[in-house]
Amino acid sequence: MLFAFSNIDFFLTRQKFRPWLMKKIIETQVLIIGGGVTGTGIARDLSLRGLNVILIEKQDLNAGASGGNHGLLHSGARYICSDPEAAVECSNELNIIKKTAGHCVEETGGFFVAVSGDDEKYIADFPGKCNTAGIPFKKIDVADARQMEPSLADDMIAVYEVNDASINPFKLSIENVNDAISMGGQYFSYCMLQGVEIKNRKICRAEIQNMISNEIFYIKADTYVNASGAWAGRIASLAGIPISMVFSKGSLLVTSKRITKRVINRLRKPTDGDILVPGGVVSILGTTSVRVASPDNIFPTVDEVDRIISEGERMVPSLKTCRYVRAYSGVRPLVSEGNNDDRDVSRGFTLINHEKDGVDNFVTITGGKLSTYRLMAEKTSDIICRMHGIVSECRTKTIALPSTESGEWSEPGVHISESFAPKTRHDPVLCECEMVPASAVDTIINSIKNNKGNPDLISIALRSRVGKGPCQGSFCSIRILSHLYNTHELTHGAGINDLRKFLNERWKGEQSLLWDQAIVQSSLKEMIHCGLFGLELETH
Amino acid sequence: MKDKQAINCDLLIIGAGFAGMVAAARASSLGLKTVQVGNSSNLFLVSGLFDLLGVYPMASGHILHDPRTGFETLTADCPHHPYSKTGYKKVLESFDFLKNFLASAGLDYQSKNNENYFVLTAAGTFKPSFMVPKTFLKGCSIKQGPPKRVLFVDFKGLREFSAKQIANVIQDTCSIASTLTIEIPDVSSTLHPTRLANLFEDIQFLNFLSKKIMPFSKETDLVGLPAVCGLNKSLETIEKLEAMTGLDCFEIPGMPPSLPGLRLKNAFEKQLSQNNVIFLNNSKIQSHEFKNHHFILTAATENLMAEITTRGVILASGRFPGGGLHAKRERITETVFNLPVRQPEKRNQWYHLNFFNTGI
Amino acid sequence: MFKGALYISLIISVSGVIFQLYRFRKDGQFFNRSKNENHINSFFYIQEFLLNTFLQTKLFKAGKIRWGFHFLLFLSFLYLVIVHALHDVTSSVLFKSYDPTVDPYQFLRNLTGLLVLTGCIAFLFRRRFNIRSLQDKSIKYKGVFSIILILLLVCSGFLLEASKIISEPVFMEMVEEYSDLDEETGLSDLKLFWKDNYNVVFTENIKTTPNGLEKGRLLNEEYCLSCHSNIKSAFISNTLAKTISNAGNILNQYRIDTKFYVIHYMLCLLLLICLPFSRLFHVLLIPFASSRQNLTLDSFLENKAFINIASLYACTNCGYCSRVCSVYPNFQITGNPDVLPHWKIESVKTMMQNPGAANWWNLHAGNDECTMCRHCTDICPSGIDLQSLWSVLDKKLVTMGYTDNTRFILDTSLKEWAKKEEIYTGLIPGDALSSNLADRTEAFENCIQCSICTNVCPIVDYDSNQNDITPQQVMNLLRLGKKHLATGTRMVWTCLTCYSCQEHCPKEIRVADILLELRNAGSNRADMIQQRPTGLINR
């Protein structure tokens with residue numbers, strides 16, 4: 001078919017399995033299902049405790065809510081009213097993550113800003129509740145606040161400073177996986193759990209399908225962790241266990257340029273469009289909360305986008321006129337408790353030991369938030385260790401997450417000065433918007449191949465800033481495709497389908513915010529890819 | 001202060017893209033005193049191909065070999081479509097006019113009048129087009145003629161063009177698709193199309209290139225090059241290269257900035273100025289009024305202001321990239337005269353969820 | 001006594017000249033890396049002396065009116081020196097009929113004295129009012145000392161003559177020496193005649209009788225006229241004499257004429273002594289300056305350069321160079337006087353003599369502005385090769401560690417430059433507060449990445465091996481918040497400001513304007529990193 005060898009073949013040769021005897025069974029101690037921040041966090045946590053893990057993901061890293069969020073490390077102040085317990089958790093985790101994964105974090109600091117017309121009572125209660133939860137804060141004079149953040153609205157009435165930070169969830173997952181792999185763990189992307197066999201109250205093996213080669217293989221593990229986030233209910237049902245989930249979609253917008261230095265929160269009861277988080281060189285504005293029936297095929301709608309902007313511009317007026325490059329959505333996995341507003345559902349996580357459901361070696365972790373991912377991984381790992389009869393302290397609290405080369409390219413703009421310093425090597429810039437050179441693409445290709453993945457446009461874009469700039473892949477897609485062909489990573493017509501998939505993936509994020517500059521950009525994209533290359537025609 | 005200049009003319013053309021340029025060509029050759037405003041550098045973004053109904057009906061994605069068949073269906077389906085109103089014959093006449101106009105500016109185009117060409121693109125796809133630069137012609141025979149042995153040449157540092165990609169994607173269409181990557185000394189990293197086009201103007205470079213191509217001459221019928229062969233005299237350059245190598249050569253259009261587009265820009269600008277068209281480059285219409293059967297418009301650039309009195313105006317300001325239309329979050333507006341724009345009521349109907357959706 | 005003073009002055013003056021020439025040589029070490037200096041060809045010296053010192057051809061080119069004044073002053077002074085001051089060895093020998101009190105010499109002396117006086121006053125007037133915009137006091141009044149000295153000299157000359165005219169004692173001495181007249185033989189008639197016609201003031205009251213006057217006239221013809229032309233030709237001194245004649249008796253009593261003589265003589269000697277140490281020296285140095293040699297960039301680099309330091313002292317601070325200087329507006333903006341050639345040359349002198357006192361960064365910043373247009377060199381009335389001096393100065397400053405920003409930035413890798421960014425970020429005004437294009441998102445966010453700007457850029461085409469970042473990428477750097485990095489890119493510093501990019505941009509982004517602005521920002525940053533004064537300089 002399209003690819004010379006499937007991932008699993010590649011793996012088996014490495015493991016010196018003899019193909020003619022092969023039952024295609026891989027053994028390990030723990031199988032983790034779901035490659036989001038929680039899954040990768042657990043993989044690292046357990047690896048650090050000396051367990052052998054395999055992480056499978058039906059798409060690629062952070063395909064779900066882990067990739068569809070603000071990238072905000074909450075100070076906790078947002079939850080002081082709705083969920084004081086989560087607020088304290090956030091506050092504690094913030095300090096740990098800052099310490100152990102500092103290279104994924106930007107200590108931006110944050111403001112809580114109220115504008116005229118906002119709920120006075122909420123504003124008045126804020127300091128007291130912060131004190132109760134032990135969250136550090138500082139009242140800032142409105143005029144000073146505008147000095148510090150000139151983009152803020154003129155009609156601010158109250159500003160509090162908290163120690164929010166922004167985090168790059170992609171880098172976080174990549175580094176967690178890389179660290180787990182370095183300790184003997186394995187990561188299979190595009191591998192989907194199809195079913196489990198249960199014998200004697202235990203899952204004895206899991207049936208897995210490689211989504212690219214469609215090959216079926218088995219993984220035999222001692223314990224199984226369901227860290228599939230919004231898909232947790234679906235995975236649990238494969239083991240015959242019902243988990244009732246509700247799905248709350250949140251959409252976010254990415255501006256073309258960073259607008260504020262700090263995280264800007266609206267000082268009011270959490271609702272739509274009230275957080276603006278700087279994400280490296282851009283700012284991310286969100287979110288919404290829309291109940292959806294399924295976590296699959298979600299995308300931001302025009303209505304959501306308009307709602308977010310009209311709320312956001314109250315805090316930061318330039319959000320009305322600035323250029324947006326992309327919108328995206330994530331689904332909050334919430335374990336149903338029958339509430340009406342999904343924001344009232346606790347953002348605390350749900351950790352279920354399925355012993356009570358008759359499966360002794362199966363744990364589900366879902367819910368929660370990015371800020372507490374490490375805690376979630378720790379608690380889950382604690383249970384797993386208990387199942388394995390191991391007494392081991394969690395070490396992710398103290399051992400710093402190492403930084404690897406392949407993880408660095410998910411970070412915007414950090415390498416710019418380096419790649420241009422002496423220009424002796426042949427290293428053209430393939431993505432001009434985000435200045436990603438060919439050598440970076442090569443690094444990423446190699447790391448994907450090392451993880452037994454398949455380097456295509458989408459997986460390269462996942463691990464770098466490629467396609468994330470204002471042109472949204474109009475130019476870089478073709479350049480990287482050329483590069484992939486030139487380096488023999490692609491053969492035949494596969495690249496054209498790749499290109500289509502990639503452009504469509506980008507388009508999902510563009511279609512809801514096509515006005516002003518973005519519509520000009522996308523028209524140009526259409527001129528190139530449809531007008532000239534005729535990619536919309538099915539004849540190639 | 002800006003100098004204010006008064007210009008009287010028969011026709012003002014707003015826009016300097018394809019449509020504006022062709023309109024100016026036509027009007028000036030009819031003897032109208034013509035003024036043109038706009039920014040001609042948008043032509044850098046066009047591929048250099050002139051299409052006429054390559055696909056119809058749109059939703060079917062059906063590629064038309066003979067545009068006339070689609071034309072008939074279109075006329076029946078939408079009698080108000082500009083094509084339907086113009087009529088096939090008139091369209092062909094216009095193409096002939098354009099062909100002759102460009103030829104007089106030294107840019108050679110060709111059309112078959114009853115058949116679309118299938119032009120090989122840099123992505124490796126084939127695109128139906130009606131009138132193509134002569135330098136592209138031989139590439140069209142890959143899809144339409146008997147299988148050929150083709151050598152694709154690319155240049156290290158020209159990022160948007162991969163010979164291997166084209167060879168891989170179309171390998172079933174050719175009998176042999178081989179590739180050659182030329183490394184140009186003194187190019188450390190990136191080779192920009194215009195720089196390469198400049199090199200092609202140099203006979204030394206063509207010599208260098210032909211020496212690299214020669215070893216392939218025995219197993220090759222055709223040589224495909226990126227569309228960067230010379231700034232203006234591309235056909236001459238290709239012919240020189242053919243004479244040196246003894247092989248048929250052709251250009252493959254690709255990503256902007258496009259040299260075929262630049263050639264068009266240069267050809268139009270040269271010929272239109274010979275036809276006494278006043279071209280106020282980079283100018284924008286600032287105000288307009290209609291008085292005594294005349295339009296009075298003010299066009300301004302950074303250091304020039306012109307008051308243009310004209311009997312007629314052709315609005316050829318283009319869509320979103322050209323700036324003729326502007327989209328706000330709420331609605332789409334026309335930028336010069338604020339003409340009403342027919343549009344879906346809400347933005348979520350402007351575009352389909354699938355980028356490649358061909359349905360309407 | 002006078003002779004002795006004269007010889008002493010002469011010795012001082014000559015040794016002064018020698019000392020100065022030695023000092024020039026020594027100062028020259030500052031620039032000169034070569035030991036074997038090329039000495040000036042004497043033929044050249046004479047030729048240039050005739051052309052430029054004597055005829056002042058270069059000054060003629062620079063300004064006709066000033067040349068007129070200057071030439072007359074110079075010619076008159078030269079006349080006074082040669083014919084009047086040195087008459088013992090010149091006029092008396094050359095002209096048989098020479099006597100200071102006969103015409104035309106008496107008239108010419110007054111005339112030339114007047115011209116010198118006019119010239120000096122014109123000079124002072126010009127310094128005071130005319131070139132105010134160009135300089136401050138310290139330079140404005142340079143050379144004034146010499147002018148005042150000359151002024152005093154001429155004035156004392158006139159006063160001396162006037163006091164001699166009215167002097168009875170002098171009259172009596174002359175009578176005794178050149179006649180045998182006494183009261184009986186008509187001395188009183190002669191007195192009467194002299195009183196009336198030569199304005200001598202006598203103590204005794206002499207009665208005016210027509211008879212006596214006639215007699216006196218005859219006696220005058222007999223004894224005096226051969227040596228004393230009509231006193232009216234000494235039109236200045238005579239007028240002066242008439243003015244002071246009321247106090248004539250007292251003045252005569254104190255022999256004021258001899259006092260003036262001493263003053264006049266001493267001023268002469270002072271002038272002689274000052275010649276090598278004052279601006280007067282330019283007369284002798286101009287030929288050095290005019291015959292340019294060995295002062296090229298190449299020769300400097302090859303260690304063969306020789307700056308004729310003497311030529312720097314030929315500068316009279318006339319300010320012509322600064323008036324035509326192409327970057328005069330830069331001075332108006334930055335206020336750095338070292339932009340201006342006539343100031344720079346003084347700074348160079350300070351620098352050579354007392355390196356500690358020079359404001360190096362000012363000098364460097366000022367010299368950096370030079371566009372090498374050669375206007376200063378072309379106009380310099382002294383013929384100083386200023387242009388080459390600036391080039392060599394630039395090299396010299398670089399070797400001393402005062403690199404210019406272009407070189408500094410191009411020699412700094414972007415990585416280092418970006419590292420410095422972290423340190424200095426805090427000093428740059430924040431985004432929304434700035435009116436700079438590069439800080440305003442809307443100025444560049446319309447970019448659709450079409451790279452037309454890159455493709456029409458002559459620098460990208462020409463400099464492709466060196467150039468790191470294209471115009472489009474500079475716009476992207478701005479969007480990525482890497483403004484300071486952008487200011488250090490080669491693109492920004494090699495931009496020709498041809499505006500092709502801006503004219504071709506389909507989205508009307510002011511690419512060239514932004515590049516230019518970034519270059520200025522980068523220059524300020526380089527100043528800051530090198531810790532040198534930036535922006536307005538306090539004078």
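On a predicted model such as this, the values are computed, not experimentally measured, just so you know.

Asker: I'd love a proper account of the pairing of strand β12 (residues 284-291) of chain B, names of residues and values included.
Answerer: Consecutive side chains of a regular strand alternate in pointing toward one face of the sheet and then the other. Pairing geometry for β12 of chain B and strand β13 (residues 294-300) of chain B, over seven bridges, is antiparallel. By the bridge assignment for β13 of chain B, K284 of chain B is matched with A300 of chain B.

Asker: Let's hear about the domain arrangement of chain C: which residues, and what values?
Answerer: Residues and elements named next belong to chain C. By domain assignment, chain C separates into domain 1 (63-129 + 144-277), domain 2 (288-408) and domain 3 (426-534). Inter-centroid distance (C-alpha atoms) of domain 1 to domain 2 is 47 Å. In this assembly, four residues from domain 1 lie in contact with five residues from domain 2. Summed over both sides, the interface between domain 1 and domain 2 buries roughly 390 Å², with carbon and sulfur atoms accounting for 27% of that surface. Among the residues domain 1 hides against domain 2, the three largest losses belong to R66, R126 and R127. Together they make up 88% of the total. Taken together, domain 1 and domain 2 are joined by one residue pair in polar contact (both at pLDDT 80 or more).

Asker: If you had to explain the sheet that holds strand β8 (residues 176-182) of chain B to someone new, which residues and values would you point to?
Answerer: Residues and elements named next belong to chain B. Spatial ordering of the open sheet is given by β8-β7-β9-β10, a layout of four strands whose pairing is parallel. Only two strands of the sheet have a single neighbouring strand rather than two, namely β8 and β10 (248-252). Direction aside, the axes of adjacent strands within the sheet are offset by 25° on average. When strand β7 (residues 149-155) meets β8, the two strands line up parallel, connected through seven bridges. Paired with L151 across the strands is S178, a residue of β8. Contacting β7, β9 (222-226) and β10, helix α5 (residues 137-144) crosses the sheet at an angle of about 90° to β10.

Asker: Give a description of the interface of chain A and chain B that names residues and reports values.
Answerer: Listed as interface residues are 59 residues of chain A and, on the opposing side, 49 residues of chain B. Together, the buried faces of chain A and chain B total about 4900 Å²; carbon and sulfur atoms form 64% of this surface. When the area that chain A buries against chain B is broken down by residue, the three leading residues are H426, W507 and L532 of chain A, summing to 13%. Ionic pairing is found between D303 of chain A and K346 of chain B, a salt bridge with its closest N-O pair at 3.0 Å. Counting every contact that joins chain A to chain B gives 17 residue pairs in polar contact (both at pLDDT 80 or more). Elements represented by at least two residues in the side of chain A that touches chain B include exactly α8 (302-315), β23 (429-431), α14 (476-486), α15 (494-510) and α16 (516-532) of chain A. Here the side of chain A that touches chain B gets 13 residues from one element, more than from any other, and that element is α16 of chain A.

Asker: I'd like a description of helix α2 (residues 42-54) of chain C, backed by residues and values.
Answerer: Residue and element names in this part refer to chain C. Bending of α2 peaks at approximately 30° at the position of E48. Along α2, the residues that are buried comprise E48, N52 and T53. Taken from the residues just after α2, Q56 is the one with a positive phi, measuring 55°.

Asker: Kindly report on the interface of chain C and chain A, identifying the contributing residues and their values.
Answerer: Taken together, the contact between chain C and chain A spans 29 residues of the former and 27 residues of the latter. The largest per-residue losses of area from chain C upon contact with chain A belong to E445, R479 and L480 of chain C, which jointly make up 26% of the total buried on that side. Scanning the region where chain C abuts chain A turns up one salt bridge. A salt bridge links E434 of chain A to R479 of chain C, with the shortest nitrogen-to-oxygen separation between them at 3.1 Å.

Asker: A description of the packing of helix α1 (residues 18-29) of chain B against helix α10 (residues 259-274) of chain B should follow, citing residues and the corresponding values.
Answerer: All names here are of chain B. At their nearest, the axes of α1 and α10 sit 10 Å apart, and the two run at 25° to each other. If you check the angle between α1 and α10, you find them roughly parallel. Considering how the two elements wind past one another, α1 and α10 form a crossing that is left-handed. Contacts between α1 and α10 pair F18, M21, V22, A24, A25 and S28 from the former with L264, F268, E269 and L272 from the latter. Grouping the amino acids of the contact of α1 with α10 by side-chain chemistry returns eight nonpolar, one polar and one charged.

Asker: I'd like a description of the packing of aromatic side chains, backed by residues and values.
Answerer: Under the definition given, this model contains 34 aromatic pairs over all chains. On the numbers, 4.9 Å between centres and 75° between planes, the contact of F355 of chain B with F356 of chain B is edge-to-face. Neither F355 of chain B nor F356 of chain B differs from the other in exposure class; each is buried. Taking the centre distance of 5.6 Å and the plane angle of 45° together, the rings of F107 of chain C and F235 of chain C count as tilted. One end of the pair, F107 of chain C, is in helix α6 (residues 105-130); the other, F235 of chain C, is in helix α12 (residues 235-244), and 128 residues separate them in sequence. Among the aromatic residues, ring-to-ring pairing joins F171, F193, W194, Y198 and F202 of chain C into one connected group. It is R126 of chain C that lies over the ring of Y320 of chain C; its NZ or CZ is 5.8 Å from the centre.

Asker: Describe a negative patch on the surface, listing the residues and the values that go with them.
Answerer: On the surface, a cluster of negative charge is contributed by D180, D182, E184 and E222 of chain C. The topology assignment puts D182 of chain C in the loop between α9 (168-178) and α10 (187-197).

Rules and cut-offs
- Residues numbered from 1 in each chain as written.
- Chains lettered and ligands numbered in written order.
- Predicted model: local features only at pLDDT ≥ 70, side-chain atom pairs only at ≥ 80, totals over all residues.
- Heavy atoms only, no water.
- Pairing = 2+ DSSP bridges.
- Helix = DSSP H or I, 4+ residues; strand = E, 2+ residues; numbered from the N terminus.
- Domains from an automatic or database assignment.
- Contact = heavy atoms within 4.5 Å.
- Buried area = accessible area lost by both parts, 1.4 Å probe.
- Polar contact = N/O pair within 3.5 Å; in protein donor to acceptor, adjacent residues only side chain to side chain.
- Axes fitted to C-alpha atoms, helices over the stretch in contact; angles between N-to-C directions.
- Salt bridge = Lys/Arg side-chain N within 4 Å of Asp/Glu carboxyl O.
- Bend = angle between axes of the 7 residues up to and from the residue.
- Buried < 20%, exposed > 50% of the residue type's maximum accessible area, 1.4 Å probe, protein only.
- Parallel < 35°, antiparallel > 145°, perpendicular 65-115°, else oblique.
- Left-handed = near helix turned anticlockwise from the far one by under 90°.
- Nonpolar A, V, L, I, M, F, W, Y, C, P; charged D, E, K, R; others polar.
- Phe/Tyr/Trp six-rings, centres within 6.5 Å; stacked < 30°, edge-to-face > 60°.
- Lys NZ or Arg CZ within 6 Å of the ring centre and 35° of its normal.
- Patch = residues over 30% accessible without salt bridge, like charges linked within 9 Å, V, L, I, M, F, W, Y side chains within 5 Å.
- Areas by Shrake-Rupley, 256 points an atom, 1.4 Å probe, with all protein chains shown as cover.
- Lys, Arg positive; Asp, Glu negative; His and termini not counted.
- Charge placed at Lys NZ, Arg CZ, Asp CG, Glu CD.

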